[in-house]
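# Structural features, examined
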Amino acid sequence: MASGCVAVVDPYSTGCCVALECHKRGYKVIAMWSKDASDELKMHRPTSCDDLVYYSELTEKSSIADTAAALKHAAGEHEIVACMVGGESGVPLADALSEHLKVQTNGTQIPQRRDKKIQQELVKAAGLRSVRQAGGTSLSDVSDFLASEPMPVVVKPVESAGSDGVKLCHTKEEAEEHFKLLMSAQQKVGSQGAAVLCQEFLKGKEYVIDHVSVDGKHKTVMVWVYDKRAVNGAAFVYHGMLPVDSESPEAKVMIPYVRGVLDALQIKNGPTHGEVMMTADGPCLVEMNCRAHGGDGTWGPLAKALTGGYCQIDAAADSFLDHAAFNKLPDKMPSPFRATGQEVMLVSFTEGTVTETPGYQKIRELPSFVYLEASVKVGGKIERTTDLFSNVGSCILMHQDPVVLAKDVESIRQMEQDYSMFDLDESPLTLRRPRADSTVTKTAIQAHAVVGAEVAVAGRGRTYSRDREDMETASPRQRTGSLTEGEDFIVVVDPYSTGCCLAHECSKRGFKVIAMWSKEASDELKSHKPLSCADLVYHAELTESSTIEDTAAAVKASVSSGTLVACMVGGESGVPTADTLSEFLKLRTNGTQIPQRRDKKIQQELVKEKGLRSVRQAGGKLLSDVDEFLKSEEMPVVVKPVESAGSDGVKLCHSYQEAVDHFHVLMNAQQKVGSQGAAVLCQEFLKGKEYVVDHVSQDGVHKTVMVWVYDKRPTNGAAFVYYGMVPVDANSEEAKLLIKYTQGVLDALRLHNGPSHGEIMMTSDGPCLVE
C-alpha cells in the first residue's frame with residue numbers, strides 16, 4: 001500500500017475523479033481550495049466520487065509560504081509526495097505550490113499560463129498557427145480589433161472552463177456589450193474581474209486532444225471530436241463527444257501540433273486537455289486547459305474500453321505517483337479502438353422542479369448503455385442548457401453494432417426534444433379551441449430575472465388586459481390621419497380567437513367592424529370569443545354568399561355611404577375568403593394568384609421551388625395518393641389535414657397501418673377548421689426544436705414582431721400537447737437563422753400584407769417550414 005499525502009488543488013469535476021484515483025491507491029488526499037474556487041464549485045462532486053473522504057480540506061492562504069505551511073501541518077507525519085491540479089481554477093496555485101514544495105511541477109516561469117491570450121501569444125512565438133485576437137480589461141484594449149475584424153467574433157474570459165462565458169458575437173455592439181458583462185460578472189470558474197479576450201471566429205470542426213506528460217515527455221491518451229450546437233440562445237452547447245482514431249488523417253496532424261503547443265507553454269508534467277479547431281489551413285489552438293479533461297470524468301469508462309484498459313484519469317495519477325506505469329503507456333492510444341462508443345451529454349430545453357426522472361431509466365434500458373451520470377435528483381431544479389455546467393447529465397454508450405449505437409443516441413435526443421427526460425412540477429394544459437361556455441381563471445403571471453432569451457413564467461392561464469387593474473384606466477390607442485371616426489369600415493373574415501382581438505383593436509381605433517363569416521366557419525368557431533373581447537359589438541355580421549360578387553354586394557350594403565378601408569383575415573378558415581374578397585374590392589390584399597395558399601402541401605412545394613428547405617411529403621384525397629410515400633418513408637410520419645390550425649387533426653404515426661387508419665379518419669371527419677373532405681397530407685417527421693416566427697407585412701416589407709419557442713410534449717396519448725411558449729431573443733443564433741428563412745417563405749407564398757404566424761422546425765440541417 002502506498003504512503004504519503006497528495007494535494008489536489010480545486011478537486012471538482014474530473015479533478016475529484018483524479019483525487020479518488022489517488023485515494024484508491026492508498027494515498028491520503030488533501031483538498032486544497034484556491035481563492036478562486038466558489039462555494040458552488042466546491043459542491044461540484046461527480047456521483048462516482050460519492051465515497052471519497054479527504055484526509056483534510058484547506059483553503060489557500062494570503063501567501064504561498066503560508067499555504068505550504070498549512071499543507072505541511074495538515075499532512076503531519078506524512079510526506080507530501082505530489083501536488084497536482086484538479087479543476088481549471090486551481091492551475092495557478094498548483095503550479096506555485098508544487099514549485100515551492102520542490103515536487104514535480106510545471107513551475108511559474110509562465111505566471112499566467114491559464115490566460116488564453118498569453119497562450120495564443122506563446123503559440124504564435126513558437127511558429128505555430130494561432131488566432132487573431134485582442135484582450136484586456138477595458139474596451140479601449142480591444143476597440144481597434146473589433147473595428148477591423150470580420151464578424152462574428154468570439155468574446156470570452158481569458159480564464160474559463162467549458163463554454164462558461166463564451167459568446168459568439170455578430171456585431172461590434174454585441175461584442176462590446178458582452179465584454180462589459182464579463183468584466184463585471186463573477187465567472188463560475190476564474191477570477192473576478194479577469195480580463196476579456198476577443199478572438200477571430202475559427203471555422204471548422206473542434207477536436208479535443210488529451211495528453212499526460214512527465215518531464216516533457218507527452219503521451220496522447222485520447223483524441224475526441226466535440227458535438228457542439230447552438231441551442232437555447234447559446235452558440236456553444238455540448239451535446240457529446242466521439243472518439244477519433246489515432247491513425248486518422250486529422251489525428252496525425254493534430255497530435256504533433258498539440259505537443260508543440262505543450263512545449264510552447266512549457267507544460268511538462270501532468271494531464272492536459274487541448275481544444276483545437278481544424279481550419280482550412282490546418283489545426284489552430286482554441287485553448288489549452290492545464291488539467292484533466294472535464295465533464296465529471298464520465299468518459300473514463302468509455303476511454304478504458306477504447307484503449308483496452310487505461311484513461312487520462314489513472315494516467316494522470318501515474319504521471320505523479322508511478323513513473324514506471326507511465327513509461328509502459330503507449331505513445332498514443334491504440335488503433336483501431338478496442339470498442340465502439342461515444343459520450344452523450346444530456347441537454348435540457350425546459351426548466352422547472354423535477355418530480356420524476358423517467359428518461360434516466362429509459363437510458364439505462366438502451367442496448368448500448370454502459371454508464372449514466374445522473375446529475376439531476378428528484379426535487380432538484382433544471383434549467384435550459386446553455387453551457388457545460390447546465391447539462392442535465394451524461395451517459396456512455398457502447399455497442400459492437402454502429403447502427404444500434406446510432407439508434408440509441410437518437411432515442412436520447414428525442415427524449416430531450418419531447419421533454420420526456422423529466423417529469424416537472426406542473427400541470428399540462430392541452431390547448432383546444434374553447435367552447436362557448438369556456439371559462440378562464442385569472443392567474444397571476446410573475447416575471448423573473450431574464451438571462452438572454454430565457455423568461456421564467458409562473459402560471460398557466462392567460463391574463464387579459466381587461467382583467468388587470470393596472471390597465472383598466474388606459475385609453476385605447478386612437479388612429480390618426482384623415483379618416484373620420486364613424487364613417488370608415490373594416491371587414492374581418494372569421495373573427496374568432498386572436499382574429500376577434502384584431503377586430504376589437506380596430507373597433508377601439510374608431511372603425512366600424514363587419515364580421516364576415518366564411519362558409520367553413522362552424523357555429524362553434526363563431527362562438528369562440530376571448531374574454532378580452534366581451535364588449536366588442538359588430539356593426540354587422542354577414543355570412544359568405546354563393547359568389548364573390550354577392551358577398552361583396554352584401555358588404556357594400558352594410559357600409560352604405562361609409563368608406564370601406566380594409567378587408568383582413570381573422571381566423572385560419574377565413575384565409576381564402578379574405579384573399580378573394582379584398583382582391584375583388586380592390587383593397588390591400590394578398591390576392592388569389594395562389595388559390596390554395598392555406599394548403600400545407602402547396603406551401604411546401606412553393607418553398608421547395610424557392611430553394612428553401614422543405615419537408616418530404618405526399619398528399620391527396622385517396623390512399624393511393626400517399627401509399628408509395630408511406631411505404632418508403634422512415635417512420636414515424638406526421639399525418640394531418642392539408643388545412644388545419646393548431647394541432648387539430650395532426651397525428652404522429654409510428655407504423656404504416658396507423659398512418660393509413662388516420663388518413664381515413666381525416667377524410668371522413670368534419671375538421672373544426674377547414675373543408676369537409678379536404679385532402680390529407682403525410683410528411684416526414686421533422687426532428688428538432690419547433691419555433692414560431694410572427695411577422696406583420698405591408699406591400700412585401702416584412703417586420704418580425706416576435707419569435708417564440710414552443711413547449712410541446714407527448715401527454716395523455718397525444719404526441720403534441722402544448723405546455724407553453726417562451727420568447728426568443730432576436731439576436732440569438734436561432735432567431736437570426738429563423739427570421740431570414742421565414743421571410744423567404746413569406747416571399748415564396750406571396751404573403752405581402754398582414755399578420756402571419758410561421759411554425760418552423762430547427763433541424764440538424766437548418767430551419768424547415770412546418771406550416
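Every chain begins its residue count from 1, and numbering advances along the sequence as written. Totals for whole chains, interfaces and linings use all residues, but because this is a predicted model, local features are given only for residues with pLDDT of at least 70 and pairs of side-chain atoms are given and counted only at 80 or more. With hydrogens and water stripped out, all remaining heavy atoms of the structure feed into the side-chain values.

## Notes on the overall build of the protein
The test is simple: Counting from the N terminus, the helices are DSSP H or I runs at least four residues long and the strands are E runs at least two residues long. Burial classes follow relative accessibility: with a 1.4 Å probe on protein chains only, a residue under 20% of its type's maximum area counts as buried, one over 50% as exposed, and anything between as partly exposed. The contact criterion used throughout is that any non-hydrogen atoms of two residues lie within 4.5 Å. Calculation of accessible area relied on Shrake-Rupley with a 1.4 Å probe; when residues are assessed, cover is drawn exclusively from the protein chains displayed.
A tally of helices and strands in the protein yields 21 helices and 34 strands. In the protein, which comprises 771 residues, the share counted as buried stands at 54%. Once local pairs closer than 6 in sequence are excluded, the contacts in the protein between residues at least 24 apart make up 68%. Summing over all exposed atoms, the protein offers an accessible surface of approximately 33500 Å²; the carbon and sulfur share of this is 51%.

## Structural notes on the pairing of strand 23 (residues 512–517)
For clarity, the threshold we go by: A strand pair is defined by DSSP finding two or more bridges across the two strands. Place the viewer so that the strands point away; then a crossover is right-handed whenever the path from the first strand over the helix to the second strand goes clockwise.
Burial analysis of strand 23 places 5 of its 6 residues in the buried class, which makes it a mostly covered element. Alignment of strand 22 (residues 488–493) against strand 23, held across 5 bridges, turns out to be parallel. Across the sheet, residue V493 finds its bridge partner in strand 23, namely M516. Viewed along the sheet, the connection from strand 22 through helix 14 (residues 498–508) into strand 23 turns out right-handed.

## Side note on the pattern of salt bridges
This is how the line gets drawn: Only one rule defines a salt bridge in this text: a Lys or Arg side-chain nitrogen within 4 Å of an Asp or Glu carboxyl oxygen.
Inspection of the entire model under this criterion finds 36 salt bridges. Between E206 and K228 there is a salt bridge; the shortest N-O distance is 3.1 Å. Taken together, the residues span a long stretch of sequence, with E206 in strand 9 (residues 205–214) and K228 in strand 10 (residues 217–231) at a distance of 22 residues. K228 gets classed as partly exposed once you look at its relative accessible area, which sits at 24%. If you follow the salt bridges from partner to partner, you end up with R129, R132, E149, E200 and D281 in one network.

## Description of the nonpolar core
The following threshold applies: Only buried Ala, Val, Leu, Ile, Met, Phe, Trp, Tyr and Cys residues count toward a nonpolar core, and they belong to the same one when joined by side-chain atoms within 4.5 Å.
In terms of nonpolar packing, the biggest core is built from 88 residues, with L71 and W224 touching the most fellow members. Top element by residues in this core is helix 8 (residues 249–264). It accounts for 7 residues.

## Comments concerning the packing of aromatic side chains
Our working rule: Between 30 and 60 degrees the pair is tilted, below 30 it is stacked and above 60 it is edge-to-face, where a pair is any two Phe, Tyr or Trp rings, Trp via its six-membered ring, whose centres lie within 6.5 Å. Over a ring means this: the NZ of a Lys or the CZ of an Arg is within 6 Å of the ring centre and within 35 degrees of the ring normal.
Throughout the structure, instances matching the rule amount to 2 aromatic pairs. A centroid spacing of 4.8 Å and a plane angle of 85° characterise the contact between Y226 and Y238, whose relative ring orientation is edge-to-face. Here Y226 is found in strand 10, whereas its partner Y238 is found in strand 11 (residues 234–243), with 12 residues between them in sequence. Of the two residues examined, Y226 and Y238, each falls in the buried class. Measuring from centroid to centroid gives 5.4 Å for Y360 and F422, while their planes differ by 80°, and the two rings are edge-to-face. Taken as a pair, Y360 in helix 12 (residues 358–364) and F422 in the loop between helix 13 (402–417) and strand 19 (423–424) lie far apart in primary sequence, 62 residues in all. Grouping residues by exposure puts Y360 and F422 together as buried. Between K219 and the ring centre of F326, over which it is positioned, the NZ or CZ distance is 4.8 Å.

## Brief notes about the confidence of the model for the protein
Condition: For every residue, the predictor assigns a confidence score, pLDDT, that lies between 0 and 100.
Per-residue confidence for the protein gives a mean pLDDT of 85, with 87% of residues at or over 70. Note on residues 186–190: pLDDT is under 50 here. Beyond four places in sequence and across chains, it has 25 contacts. The low-confidence segment residues 670–674 (pLDDT under 50) makes 23 contacts with residues lying over four places distant or belonging to another chain.

## Comments concerning the packing of helix 19 (residues 623–632) against helix 20 (residues 656–668)
Helix packing for two helices is described by the angle between their axes and how far apart those axes are. Heads up, the condition is: Structural elements are reduced to axes, namely lines fitted to C-alpha atoms, with helices fitted over the stretch in contact, and the angle between N-to-C directions of any two is expressed from 0 to 180 degrees. Comment on the angle field: the value is read as roughly parallel under 35 degrees, roughly antiparallel over 145, roughly perpendicular from 65 to 115, and oblique elsewhere. For any helix crossing, the convention is left-handed if the near helix is rotated counterclockwise from the far helix by under a right angle, and right-handed if that rotation is clockwise. Residues are grouped as follows: nonpolar covers Ala, Val, Leu, Ile, Met, Phe, Trp, Tyr, Cys and Pro; charged covers Asp, Glu, Lys and Arg; every other residue, Gly included, is treated as polar.
Two elements in contact, helix 19 and helix 20, have axes separated by 11 Å at closest approach and are oriented at 160°. It follows from the interaxial angle that helix 19 and helix 20 lie roughly antiparallel. Between helix 19 and helix 20 lies a crossing whose hand is right-handed. Between helix 19, through L623, V626, D627, L630 and K631, and helix 20, the contact on the second element is made entirely by Y656, A659, V660, F663 and H664. Residues belonging to the contact of helix 19 with helix 20 are distributed by class as follows: 7 nonpolar, 1 polar and 2 charged.

## Focus on the environment of Y371
Mapped onto the elements, Y371 comes out in strand 16 (residues 369–373). What Y371 contacts, discounting residues up to four positions off in sequence, is T47, S48, T298, P301, S394, C395 and I396.

## Topic: the sheet that holds strand 24 (residues 540–543)
A sheet is described by the order of its strands in space; here 4 strands give the open sequence 24-23-22-25, paired in parallel fashion. Every interior strand has two partners, whereas the edge strands, strand 24 and strand 25 (563–569), have only one. Taking the axes of each pair of neighbouring strands and ignoring which way they run, one obtains an average angle of 25° across the sheet. With 4 bridges connecting them, strand 23 and strand 24 associate as parallel partners. The residue bridging M516 from the neighbouring strand is L542, located in strand 24. This element, helix 16 (residues 548–559), spans strand 22, strand 23, strand 24 and strand 25 of the sheet and lies at about 155° to strand 23.

## Considering the pairing of strand 10
The buried fraction of strand 10 is high, at 11 of 15 residues. Strand direction decides the pairing type here: strand 9 and strand 10, joined by 8 bridges, are antiparallel. Opposite V212, over in strand 10, you have K219 as the bridge partner. The turn linking strand 9 back onto strand 10 is made up of 2 residues, and D215 within it adopts a positive phi angle of 50°. Bridge count between strand 10 and strand 11: 7 bridges; the pairing is antiparallel. Of the residues in strand 11, the one forming a bridge with W224 is P243.

## A short note on helix 17 (residues 575–584)
A turn of α-helix holds 3.6 residues, and therefore any two residues three or four places apart point the same way. For helix 17, the complete set of buried residues consists of V575, T577, A578, D579, L581 and S582. Packed against the buried residues of helix 17 are strand 22, helix 16 and strand 25. The positive-phi residue at the C-terminal boundary of helix 17 is K586, with phi of around 60°.

## Structural notes on helix 7 (residues 172–184)
Convention followed: By this rule the span expected of a helix is its residue count minus one, scaled by 1.5 Å.
If you check helix 7, its first and last C-alpha atoms are 19 Å apart, about what 13 residues at 1.5 Å a residue would give, namely 18 Å. Of the surrounding elements, those touching the buried residues of helix 7 are strand 5 (133–136), helix 6 (143–148), strand 6 (153–157), strand 7 (167–169), strand 8 (196–200) and helix 21 (733–748).

## Observations regarding unusual backbone geometry
Only a minority of non-glycine residues have a phi that is not negative, and only a minority of peptide bonds are not trans. The omega angle of the peptide bond from M151 to P152 is 5°, so this bond is cis rather than trans. Here the residue pair S335 and P336 is connected by a cis peptide bond, since its omega of 0° sits within 30 degrees of zero. Locating P336 in the fold gives a position in the loop between helix 11 (323–328) and strand 14 (341–345). Even without being glycine, D10 reaches a positive phi, approximately 55°. Here D10 lies in the loop between strand 1 (5–9) and helix 1 (14–24). The phi angle at D699 is positive, at roughly 50°, despite the residue not being glycine. Counting through the fold element by element, D699 comes out in the loop between strand 30 (689–698) and strand 31 (701–715). Overall, the relative accessible area of 53% leaves D699 in the exposed class.

## Quick notes on the sheet that holds strand 27 (residues 637–641)
Strand order across the open sheet formed by 4 strands is 26-29-27-28, with antiparallel pairing between neighbours. In this open sheet, the two strands that pair with only one neighbour each are strand 26 (617–620) and strand 28 (651–653). Within this sheet the neighbouring strands show an average axis-to-axis angle of 20°, counted without direction. Relative to strand 29 (residues 680–684), strand 27 runs antiparallel, the two being bridged by 5 bridges. Residue pairing across strands places K640 opposite L681, the latter belonging to strand 29. Along the sheet face, helix 18 (residues 600–609) touches strand 26, strand 27 and strand 29 and points at about 140° away from the line of strand 26. Where helix 19 meets the sheet, its contacts fall on strand 26, strand 27 and strand 29, and the angle it forms with strand 26 comes to roughly 160°.

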